[in-house]
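Each chain is listed here by its residues.
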Amino acid sequence: MDACVAAVDYAYPWADLITRFKFKQSTGLAAEFAQVMLATPWAQPALDQADLLLPMPLSTARLKQRGFNQALELAKRLKTSQAPCLKLEAHVLQRVFDTPPQSSLSRSERLRNVRHAFAVNPQRLRDVHQKRVVLVDDVMTSGASLNAAAHALRIAGAAHVTGLVLARTPEPDF
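Throughout what follows, the structure given in this document is the object of discussion.

Conventions used here
- Residues numbered from 1 in each chain as written.
- Predicted model: local features only at pLDDT ≥ 70, side-chain atom pairs only at ≥ 80, totals over all residues.
- Heavy atoms only, no water.
- Buried < 20%, exposed > 50% of the residue type's maximum accessible area, 1.4 Å probe, protein only.
- Helix = DSSP H or I, 4+ residues; strand = E, 2+ residues; numbered from the N terminus.
- Pairing = 2+ DSSP bridges.
- Right-handed = clockwise from strand over helix to strand, strands pointing away.
- Salt bridge = Lys/Arg side-chain N within 4 Å of Asp/Glu carboxyl O.
- Contact = heavy atoms within 4.5 Å.
- Axes fitted to C-alpha atoms, helices over the stretch in contact; angles between N-to-C directions.
- Core = buried A, V, L, I, M, F, W, Y, C linked by side-chain atoms within 4.5 Å.
- Phe/Tyr/Trp six-rings, centres within 6.5 Å; stacked < 30°, edge-to-face > 60°.

## Some words on the pairing of strand E7 (residues 160-168)
Along E7, eight of the nine residues are buried, which leaves the element largely enclosed by surrounding structure. Where strand E1 (residues 3-9) lies against E7, six bridges are found, and the strand directions are parallel. Each residue of the ladder has a partner; that of Val5, found in E7, is Leu164. Pairing of strand E6 (residues 132-140) with E7 involves eight bridges; the strand directions are parallel. Following the sheet pairing, Met140 is matched in E7 by Arg168. Of the crossover connections in this fold, the one passing from E6 over helix H8 (residues 144-155) to the parallel E7 is right-handed.

See the structure below:
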């Protein structure tokens, strides 16, 4: 990943709100969260310079369990709020392996867990080649997932990958 912008620390009150958003299907919070993300220094310039806005993909099993992709909900609001011309693509980046949740793993396990979990859809390689990408997610702890996804995008030819996350853990808890 070339850069990462995080709006808030994953701490009170944000941690509780994000948990409600993510696990209690409070998707209405996505609009407010997107506004917080857009108010963060360097978020708007990253969006202005990007060609593609990509949500972090969930595995099929996790998507079925949760009922929605929280990163996609954030990306939709980011696009409509301040980046109406930015191309949002939900199916370019894919999660090809269903891995255990990162929250239950140590840092080294997190890195191994997602090392090959992401790939660019082979039919969409042209969409990524030489493009500037903003990769959206809700929470970044170790950065393992975002970096693994960014690596897959770079292999597919992306020119630049910026992560844009709602929250970042202030210090890894492992």
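## Regarding the pattern of salt bridges
In total, this model carries seven salt bridges according to the counting rule given. Here Glu89 and Arg124 are joined by a salt bridge, their closest N and O atoms 2.6 Å apart. Of this pair, Glu89 sits in the loop between strand E3 (87-88) and strand E4 (93-95) while Arg124 is found in the loop between strand E5 (118-120) and helix H7 (125-128), placing the two residues 35 residues apart along the sequence. Look at Glu89 and you get buried, because its relative accessible area is 12%. A salt bridge links Arg124 to Asp127, with the nearest nitrogen and oxygen atoms 2.4 Å apart. Because the salt bridges share partners, they merge into one network encompassing Lys87, Glu89, Arg124 and Asp127.

## With respect to the sheet that holds E1
Think of a sheet as strands paired side by side through backbone hydrogen bonds, with each pair either parallel or antiparallel. Strand order across the open sheet formed by five strands is E1-E7-E6-E2-E3, with parallel pairing between neighbours. The strands lining the two open edges of the sheet, one partner per strand, are E1 and E3. Lying on the sheet, helix H1 (residues 14-23) is in contact with E1, E6 and E7; it crosses E6 at an angle near 105°. Across the sheet, helix H2 (residues 29-38) touches E1, E6 and E7, and the angle it forms with E7 is around 120°.

## Focus on the nonpolar core
In this structure, Leu53, Leu78, Val134, Val136 and Leu164 are the most contacted members of the largest nonpolar core, which totals 26 residues. Within the residue set of this core, elements represented by two or more residues are E1, H1, H2, helix H3 (43-49), helix H5 (70-82), E6 and E7. When residues in this core are grouped by element, the largest group, six residues, is from H2. Non-local contacts of Val136, meaning those with residues more than four positions away in its chain, are made with Met37, Leu53, Leu54, Pro55, Met56, Ala71, Leu74, Ala75, Leu78 and Leu164. Grouped together as the second largest cluster of nonpolar side chains are 25 residues, Met56, Ala71, Val114 and Val161 included.

## Let's talk about the packing of aromatic side chains
Considering all chains together, one arrives at three aromatic pairs under this definition. Relative to Phe33, the ring of Phe21 has its centre 5.3 Å away and its plane inclined at 85°; by these criteria the two rings are edge-to-face. With a gap of twelve residues between them, Phe21 in helix H1 and Phe33 in helix H2 connect regions that are remote in the sequence. Comparing Phe21 with Phe33, the two get one shared label, buried. Among the aromatic residues, those joined into a cluster by ring pairs are Trp14, Phe21, Phe33 and Phe68.

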